[in-house]
Amino acid sequence: MSNEEFVFLAEDAMEKASPVQIASPVSAAPWRILIVDDDSDVHDITELALDGLTFLGREAELLHAYSAAEAAELLKVEENIAIILLDVVMETSDAGLRLVGHIRETLNLRNVRIILRTGQPGQAPEMDAITKYDIDDYKTKTELTRNKLFTSITTALRSYERMQKLEANRAGLEKIIASSNEFLSRRGLRNFAEGVITQLSGLMDVRPEGLVCAIGNGEHLDLIDEHAQNTQIQVIAAAGRYRDMIGQDLATLQSDEINAALHECMTRKETVFLPGCVVLYLFVREGYALAAYIGAPKPISNLDQHLLSVFCGNLALCAENIQLVEKLKHRAYVDELTSLANRTTILDTITSLLKDPGQQPNSLVLIDLQLFAEINDVLGHSYGDRLLCAVGQRLSSVLPDCIVGRVAADLFAVVGHSDILTQTSIAAIFAAPFNIEHFELPIRVAAGSTELNACAQTALDCMKQAYIALKRAKSIGFGQIIKYDPELAAITRDRAQRLGDLQMAVDRNQLEAHYQPLIDFKTGKPCGVEALIRWRRDDGELVPPVDFIPLAEYSGLIRPIGNWVAREAMNMTRHLHDSGFDTLRVSINVSKVQLGADDFVDNLTTLLEQTGIAPEFVELEITESACDMGIDELEILLHRIRKLGVSIAIDDFGTGFSSLSYLDRLPVDKLKIDRCFITPLDDETDSSRIAELIVPLGHRLGMQVVAEGIETAKQAQKLAEMSCDIAQGFLYGKPMPGPDLLTWLQNFTPIAAEQ
């Protein structure tokens, strides 16, 4: 190679107005420039030409490769190379261009700037090749004077710097977007904060290095109080050389400068610009703030300070939204009142245990508090809330190795090792009363438990099993703790099947109204009928009322069923009147579930109007259990019914142990003696005396007395002697469909009146 190719050295010596700047002390990292040429003289002369120069305030670090293959290997391991001065002709005539393609397409180095050089002008690449391979400049070695080389490198470095900033900004935005998608799990918060560092560094034109700190611990952060002592500031995110500081308390950092800067920012609650750094204050809302420390070797201009303030405002809004999502996530998995796990967390825990059960068997226990609704009513909801919190705290403290949750109003769940969650241990937890507002309150519970094993396919299956056991415990009585077994499931499935069948029976009109005659003891003639419900299956089999009436009451089906029976009974009574039996009354059984409906009286009024039956021929039979709705409410309701002209009877009297004072208050027309007090009349046992007491009691209260379940003449004789008013039972007639009843009435022979 001739010396003519490097005349720039001589020419530059005569150029007094050279733009080249002599190096000045700088702290920024040097630009990395790779020289790729198969001629070692080119390396030496280029290094000599660039010696002592600075580019955009930074020195240059030169790397060397003597073939395209060597350059390719070097580029695999070296980072942050800004410019490649590349010879076109090396191993082959197009080795340089092939290397460019490898750099862009294989190594995917898009930001590095490439300046092609060649000592053979005839080997110049075509224009489409320069465009295709993103080449910044092409020069023959003879035209590269020192000044021109400086100019080409400076221009390429500006382009490289812009691309690096764009990439840093893009990376920062991606991290912020990714963190918003994660909605701030702990990992998401750090990722968001790291994105903040990258974005701010890009705006400030510095390397993406810094810290993001927050006051407090965990998700709930408090602002620093300038008068507080030993205030904790925690590094929640870091980038660059500070990355190892994540999670540390600021007090433990080995940097007084950073410590002082962050404390000043948090204390002043504003962004501070200090020599060598900027600490940006991100106010989210009262009680929540972040501080971002970014190294800034150059002073920040007023314009950039304004831009940073605006940018920080946007970041603060983003952080506020993220914190809101944190709260929503917290509420999705934590019970707000007690701060215990909620139903979702319990189900997730069970799912994890089913997948990886471990060596010890685990159990789920559901615990229900006795009379919690009544406690709320009597002592107030505030007291009830405190009680729920106290129960949760006791469960958590006594069972520290278990997951304790609240899955419904007063329903708690505990998941843990089976040897811990025994019937004895659960009972012992509630042995001592709870002291709420200086008042000791004993609490009884019912509990159901189930083993968490492979037999249950899902967490919901386990929850259902424990709930089945709990329902069984509650049916036996509070204070019971029942463990699930398959027989309980079979009972539950059977009840569910029967409930489904009952619903279908209602839809398919399989229910029938039967009527049992009532006989006046004095006249020996029928004085009325009692309407009774029957369920006839498709095969003709009759289902006993005792098998489906409780189920209908439990499910709420009793309301539509009761309305249907009442309509049928009133229509049948009108038909009997039209057939000549115009003195007969109809008695209709009404459950406490029906009475509890707000529209009960309105519906009764509508039925009377639609069927055209006079109210005095209708009687409603209620049981003593109706008093459960409250004696005051029941008294008001019965007075409303009586005001319509409908009479009222107490059915199964003597079996509910109601207070006699209730009986004196309620507007009742008849008492019906339960059959359990009628049967003993045959044997004249001590139990027969109950009937002897009820009859005069009813008369003393101004009521008629009805004896039901009479099956023998002896029973009828004794009741007549007691002056009982009305008889009912198989001795006179069984319950029968409407047409059969009409035939029975037409063929009835009056019974001689008993004295």
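Residues numbered from 1 in each chain as written. Predicted model: local features only at pLDDT ≥ 70, side-chain atom pairs only at ≥ 80, totals over all residues. Heavy atoms only, no water.

Caption draft 1: Layout of the overall build of the protein. The secondary structure content of the protein amounts to 24 helices and 27 strands. Taking all 755 residues of the protein together, the buried fraction comes to 47%. In the protein, of all internal contacts separated by at least 6 residues, the share reaching a separation of at least 24 is 67%. Carbon and sulfur atoms form 51% of the exposed surface of the protein, whose accessible area is close to 37700 Å². (Helix = DSSP H or I, 4+ residues; strand = E, 2+ residues; numbered from the N terminus. Buried < 20%, exposed > 50% of the residue type's maximum accessible area, 1.4 Å probe, protein only. Contact = heavy atoms within 4.5 Å. Areas by Shrake-Rupley, 256 points an atom, 1.4 Å probe, with all protein chains shown as cover.)

Caption draft 2: Inspection of the environment of Ala 60 at higher detail. Position of Ala 60 relative to the elements: it lies in strand 2 (residues 60-65). Taking the C-alpha atoms as reference points, Ala 60 and Pro 30, 30 residues apart in sequence, are found 5.0 Å from one another.

Caption draft 3: Structural context of the nonpolar core. Within the largest apolar cluster, 77 residues are counted, with the highest numbers of intra-cluster contacts made by Leu 595, Val 618, Leu 620, Ile 641, Ile 710, Leu 719 and Leu 741. Ranked by residues supplied to this core, first place goes to helix 17 (residues 558-578) with 8 residues. When neighbours within four sequence positions are excluded, Leu 595 is seen to be in contact with Val 590, Phe 600, Ile 622, Ala 626, Met 629, Leu 634, Leu 637 and Ile 641. In this structure, Ile 375, Leu 395, Phe 412 and Leu 421 belong to the second largest nonpolar core, which totals 28 residues. (Core = buried A, V, L, I, M, F, W, Y, C linked by side-chain atoms within 4.5 Å.)

Caption draft 4: Expanded view of the pairing of strand 23 (residues 647-653). Burial analysis of strand 23 places 6 of its 7 residues in the buried class, the great majority of the element. Pairing of strand 22 (residues 618-623) with strand 23, which is carried by 5 bridges, proceeds in the parallel orientation. Residue pairing in the sheet places Thr 623 in a bridge with Asp 651 of strand 23. Crossover handedness for the path strand 22 to helix 20 (residues 631-643) to strand 23: right-handed. (Pairing = 2+ DSSP bridges. Right-handed = clockwise from strand over helix to strand, strands pointing away.)

Caption draft 5: Expanded view of helix 16 (residues 545-555). If you check which residues of helix 16 are buried, you get Phe 548, Leu 551 and Ala 552. One face of helix 16 carries all of its buried residues, which in axial projection span an arc of 105 degrees. Against the buried residues of helix 16 lie helix 15 (486-507), strand 19 (526-536), strand 20 (542-543) and helix 17. Phi turns positive, to about 90 degrees, at Gly 556, one or two residues after helix 16. (Arc of directions from axis to C-beta.)

Caption draft 6: Structural view of the sheet that holds strand 3 (residues 81-87). The 5 strands are arranged 2-1-3-4-5 in an open sheet whose pairing can be described as parallel. Since the sheet does not close on itself, it has two edges, and those belong to strand 2 and strand 5 (137-140), each with one partner. Going from strand to strand, the sheet's axes swing by 20 degrees on average, the running direction of each strand aside. Contacting strand 1 (31-36), strand 2 and strand 3, helix 3 (residues 68-77) runs over the sheet at an angle of about 130 degrees to strand 2. Those strands touched by helix 4 (residues 95-106) are strand 1, strand 3 and strand 4 (113-118), and its axis lies near 175 degrees from that of strand 4. (Axes fitted to C-alpha atoms, helices over the stretch in contact; angles between N-to-C directions.)

Caption draft 7: The arrangement of the environment of Ile 481 in detail. Among the structural elements, Ile 481 can be located in strand 17 (residues 481-483). A C-alpha to C-alpha distance of 9.1 Å links Ile 481 and Thr 422, two positions 59 residues apart in sequence. In this structure Ile 481 touches Gln 423, Ile 426, Ala 427 and Ala 447, once residues within four positions along its chain are discounted.

Caption draft 8: Local environment of the sheet that holds strand 17. As summarised here, the arrangement of the 5 strands in space is 12-13-11-16-17, forming an open sheet in which the pairing is mixed. Each end of this open sheet is capped by a strand with a single partner; those strands are strand 12 (403-406) and strand 17. The average angle at which neighbouring strand axes cross in this sheet is 20 degrees, direction not considered. Inspection of the sheet shows strand 11 (residues 362-369) paired to strand 16 (residues 445-452) by 8 bridges, in the antiparallel sense. Paired with Ile 367 across the two strands is Ala 447, which belongs to strand 16.

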